[in-house]
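Results of the structural survey
Letter by letter, the chains look like this.
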Amino acid sequence: MSARRSFSHAIAEGDGISVIAAVEDAEAARAAEGQRAEALVVNGDPARLRDATFLPILWRAEAAVERAAEVADAVTVALPEEDEDHEPAQRRHEEALALGLDCAVEVRSEDELERALETLDPEIFLLAPPPAAPHERLEAVLELLAEVPAGKLAIADLTVTTEDEVHELERAGVDAVIVHAADVSPLAGEAPPEV
């Protein structure tokens, strides 16, 4: 099962919003796949769950891009502070794409989003607002979404996500949402028909 899987295709295809399940082990990865998640996000090394699932994996860590190409399908890039050198982020973004990985650029403010467009022009944005009250987090994501150019993919990460929030994100045009829950099925849409 180690062939590359397209993370961007998994979250862009089909109707509605895609659910990306946050998991850390093979058992959770298998469960998420059974609950109709369309991709996975992990913080730790995904090698131990790579063969447990057919779902594409986003590795959300500052791991070496070469290692990521062996065990994941996508990586994240975080921008440095405005007055710091952007070259390492640019290099990571270029290396990831050259190795066939999808690359999600994490942004937490409109300023970061603008800088990401100027320096990287990424295809995928990971909209991760700073910690706040639930309603404020949702509003922060929606404000960031309004700045994402048409044709780009947007992933929302709200830490705690309710069914109402998922519907609101979907109506606003968010392509995918990261869900941090043991059971993602209530947020993953209709169950497939029994055969």
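One can find the structure itself at the top, above this paragraph.
Residues numbered from 1 in each chain as written. Predicted model: local features only at pLDDT ≥ 70, side-chain atom pairs only at ≥ 80, totals over all residues. Heavy atoms only, no water.

Here we look at the nonpolar core
Among the nonpolar cores identified, the biggest contains 51 residues, and Val19, Val23, Leu40, Leu49, Leu127, Leu169 and Val177 are the most heavily contacted of them. Not counting residues up to four positions away in its chain, the partners in contact with Leu169 are Ile17, Leu138, Val141, Leu142, Ala156, Leu158, Val174 and Val177. If you look at the next biggest cluster of nonpolar residues, it comprises 14 residues, including Phe7, Ile11, Leu126 and Ile178. (Core = buried A, V, L, I, M, F, W, Y, C linked by side-chain atoms within 4.5 Å. Buried < 20%, exposed > 50% of the residue type's maximum accessible area, 1.4 Å probe, protein only. Contact = heavy atoms within 4.5 Å.)

Some words on the pattern of salt bridges
Counting across every chain of the model gives twelve salt bridges. A salt bridge links Arg67 to Asp45; the shortest N-O distance between them is 3.0 Å. Of the two residues, Arg67 sits in helix H4 (residues 65-71) while Asp45 sits in the loop between strand E2 (39-42) and helix H3 (47-50), which places them 22 residues apart along the sequence. Exposure remark for Arg67: the relative accessible area of 31% places this residue in the partly exposed category. Between Glu70 and Arg67 there is a salt bridge, with its nearest N and O atoms 3.0 Å apart. (Salt bridge = Lys/Arg side-chain N within 4 Å of Asp/Glu carboxyl O. Helix = DSSP H or I, 4+ residues; strand = E, 2+ residues; numbered from the N terminus.)

Fair warning: the whole summary comes from geometry, so function is off the table for now.
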